[in-house]
Amino acid sequence: MRFENPVLPGFHPDPSVCRVGETFYLATSSFEYFPGVPIYRSSNLVDWEPVGHALDRDSQLDVRDARISGGVFAPTLRVHDGTFYLTTTNTSDGGHFVVTAEDPAGEWSDPVWVDAPGIDPDLFWDEGTCYFTYFSTDVDRGIEQATLDPETGELGDPHTVWTGWEDPHAEAPHLYERDGTYYLVVAEGGTHTGHMVVAARADDPTGPFEPCPSNPVVSHREDFYYDIRATGHADLVTDAAGGWWLVCLGIRPQAGFPGWHHLGRETFLAPVSWEDGWPVVADGEIPQSADVDLPGDDVDRDGPSPIEYTDTDFSEGRTHEWLWRHNPDRERYEFGTDGLVLWGGPEGLDEQGTTFLGRRQTNMNCRVRTDLAVESEFEGEAGLTLFMDEEHHYDLGVVGGDGGGSGAVVRLQIGDASEVVARESVGEEVTLGVNTASERYEFVVDGESVATARPKYLSTEVAGGFTGVFVGVYATGNGEACDSPARFERFVCESVE
């Protein structure tokens, strides 16, 4: 079966994967977005179905004050004795913690906090002992490890197990056992074009670990013109037949070398073989596509992926693909048969706390449309936004006039610069749209193109950070709470050839 990378397009960084029987589960980072840590399910490692989030309650996750690209960093998802365990780090509130569930698509527990420094925690069990391995963020201490009671968070005495093969800023450790040998897989080289996957092995889970003589196991750092770059932060999993697979993050740069990327870091897949007791990925690179025997390759692929396609009237409430930035004021959001009703607060899109609900942009080329209705007395602003962060977003909004009357504006916010590049008169009901391409956004009002802009200025290379562009709906009073709401009656996001 031929598969195409990425297998999880759009903002899906730091993947961690585990398997129960013939079913795989995968989690990724979520940073300042809420709910946190999306969970996906698959029978073949390629077709992923969103089934929920591990952190969907305020008692589990507080990202109200998270900085841009703060909040929840890299998770590790594991299953042990029939219980699912997820450990991650809220870098904005509390640090490391562990949550558990009997069904990863169901309810997860409140956090059990772990008092240790750093980021990127890992869980590994061996003969009844749970090992907690993490990047200390101290280059002298490197990757540390201690025993852990995951039920209480009690940690044993930590010791250093790795200080880097080539880079002391080694991160994202994961431990595995194969045929009595213990393997440590880590990320080195930073999180951009120098990113790589490094392996080491030992006779004991506590080390000492010897590096793989063929390191890096995966890296695109030498090929500046490859269509996939910055590959790293890998996790390994076996299928039911004993085959090994690797998932990792990567980016798809646009406009050649050096390029830029705006969809965020995505999840990629590669088969793994073993040579002389070491994991091997063919040519040390993640393939753009591959013909391989996938596990459970009997999935009916008719119809669009729910990750890449949304057509909703919001009558069923917030479905899994929709996220807030930070913990929301839920009183501002009403889902029902009339659509999604948003009450704008005083915060604008350049501030935290905006009334906003968005989904990842998962395709370079897609068509977005929403039907918006506002009353004649509406004096706020509501519409569509292409949102990277509070300092980098493109907005197509309907602005209510003082005493009635509305107009649509296209506003580009790039750092400290903000400019309105189009204005159109509209009625109380309007269809707003965006047509996206790899190097162009086109803004549409009632079927007519009114402006264009380049995605480059919403890219990581311009904005910084670890996330990607979201396509969202918003409402704001731009300094005051809105007395009148905005109603979004339908939202469609679909890929186009």
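Anyway, here's the lowdown on the structure attached to this text. Just so we're clear, the structure is a prediction, and the values are computed from it rather than from any experiment.

**Remarks on the nonpolar core**
Core analysis: the largest hydrophobic core is formed by 62 residues, its most contacted members being Leu 86, Trp 108, Leu 372, Leu 386, Phe 443, Phe 488 and Phe 491. Grouped together as the second largest cluster of nonpolar side chains are 27 residues, Tyr 182, Leu 323, Leu 349 and Phe 387 included.

**Details of a negative patch on the surface**
The grouping of Glu 375, Glu 377, Glu 379, Glu 428, Glu 429, Glu 480 and Asp 483 at the surface amounts to a negative patch. Secondary-structure assignment places Glu 379 in the loop between strand 31 (366-374) and strand 32 (381-389). Exposure remark for Glu 379: the relative accessible area of 51% places this residue in the exposed category.

**A closer look at the sheet that holds strand 30 (residues 355-360)**
Across a sheet, strands are paired by hydrogen bonds formed along the backbone, either parallel or antiparallel in direction. What the six strands build is an open sheet, ordered 30-39-32-33-34-35; its pairing is antiparallel. Each of the sheet's edge strands pairs with one partner strand only, and the pair in question is strand 30 and strand 35 (417-426). Averaged over all pairs of adjacent strands, the angle between their axes in this sheet comes to 20 degrees, without regard to strand direction. Examined bridge by bridge, strand 30 and strand 39 (residues 470-476) share six bridges and lie antiparallel to one another.

**With respect to the packing of aromatic side chains**
This structure, assessed with the given rule, holds 23 aromatic pairs. Judged by centre distance (5.3 Å) and plane angle (75 degrees), the ring pair of Tyr 25 and Phe 84 falls under edge-to-face. Linking Tyr 25 in strand 3 (residues 23-27) with Phe 84 in strand 8 (residues 83-90), this pair joins segments that are 59 residues apart in sequence. Taken individually, Tyr 25 and Phe 84 each receive the classification buried, so the pair is uniform in this respect. Centroid distance Phe 34 to Trp 324: 6.4 Å. Interplanar angle 40 degrees. Geometry classified as tilted. Remark: Trp 324 occurs in strand 27 (residues 324-325) and Phe 34 occurs in strand 4 (residues 33-34); sequence separation between them is 290 residues.

**Digging into the side chain of His 12**
Tracing the chain through its elements places His 12 in the loop between strand 1 (2-4) and strand 2 (16-20). Beyond its immediate stretch of four places on either side in the chain, His 12 contacts Thr 28, Tyr 40, Arg 265, Glu 266, Thr 267, Ile 307 and Arg 360.

**Some thoughts on the pairing of strand 5 (residues 36-42)**
Residues in a regular strand point their side chains to alternate faces of the sheet. In terms of burial, strand 5 is largely enclosed, as six of its seven residues are buried. Alignment of strand 5 against strand 6 (residues 49-55), held across five bridges, turns out to be antiparallel. Each bridged residue has a counterpart across the sheet, and for Tyr 40 the counterpart in strand 6 is Pro 50. The antiparallel pairing of strand 5 with strand 6 creates a hairpin that spans six residues between the two strands, and Leu 45 there sits at a positive phi of about 75 degrees.

**Looking at the environment of Gln 145**
Here Gln 145 is to be found in strand 13 (residues 143-149). Spatially, the C-alpha atoms of Gln 145 and Tyr 131 are 6.8 Å apart, while their sequence positions differ by 14 residues. Excluding residues that lie within four positions of it along the chain, Gln 145 makes contacts with Tyr 131, Phe 132, Thr 133, Tyr 134, Asp 157, Pro 158, His 159, Val 161, Leu 175, Pro 205 and Thr 206. A polar contact of 3.3 Å, which involves the side chain of Gln 145, links it to the side chain of Thr 133. In terms of polar contacts, Gln 145 uses its side chain to reach the backbone carbonyl oxygen of Pro 205, at 3.0 Å.

**Quick look at the environment of Pro 15**
Residue placement: Pro 15 occurs in the loop between strand 1 and strand 2. Counting along the chain gives 167 residues from Pro 15 to Tyr 182, while the straight-line C-alpha distance between them is 21 Å.

**Brief notes about the pattern of salt bridges**
Evaluation of the coordinates by the stated rule reveals 26 salt bridges. In this structure, Arg 78 engages Asp 122 in a salt bridge whose closest nitrogen and oxygen atoms are separated by 3.7 Å. Placement of the pair is Arg 78 in strand 7 (residues 76-80) and Asp 122 in strand 11 (residues 119-126), with a sequence separation of 44 residues. In this structure, Arg 78 and Asp 122 share a single accessibility class: buried. Arg 490 is paired through a salt bridge with Asp 311; the nearest N and O atoms lie 2.6 Å apart. Taken together, the positions of Arg 490 in strand 40 (residues 486-495) and Asp 311 in strand 26 (residues 310-312) put the pair 179 residues apart, joining distant regions of the chain.

How each quantity is defined
Residues numbered from 1 in each chain as written. Predicted model: local features only at pLDDT ≥ 70, side-chain atom pairs only at ≥ 80, totals over all residues. Heavy atoms only, no water. Core = buried A, V, L, I, M, F, W, Y, C linked by side-chain atoms within 4.5 Å. Buried < 20%, exposed > 50% of the residue type's maximum accessible area, 1.4 Å probe, protein only. Patch = residues over 30% accessible without salt bridge, like charges linked within 9 Å, V, L, I, M, F, W, Y side chains within 5 Å. Areas by Shrake-Rupley, 256 points an atom, 1.4 Å probe, with all protein chains shown as cover. Salt bridge = Lys/Arg side-chain N within 4 Å of Asp/Glu carboxyl O. Lys, Arg positive; Asp, Glu negative; His and termini not counted. Charge placed at Lys NZ, Arg CZ, Asp CG, Glu CD. Helix = DSSP H or I, 4+ residues; strand = E, 2+ residues; numbered from the N terminus. Pairing = 2+ DSSP bridges. Axes fitted to C-alpha atoms, helices over the stretch in contact; angles between N-to-C directions. Phe/Tyr/Trp six-rings, centres within 6.5 Å; stacked < 30°, edge-to-face > 60°. Contact = heavy atoms within 4.5 Å. Polar contact = N/O pair within 3.5 Å; in protein donor to acceptor, adjacent residues only side chain to side chain.

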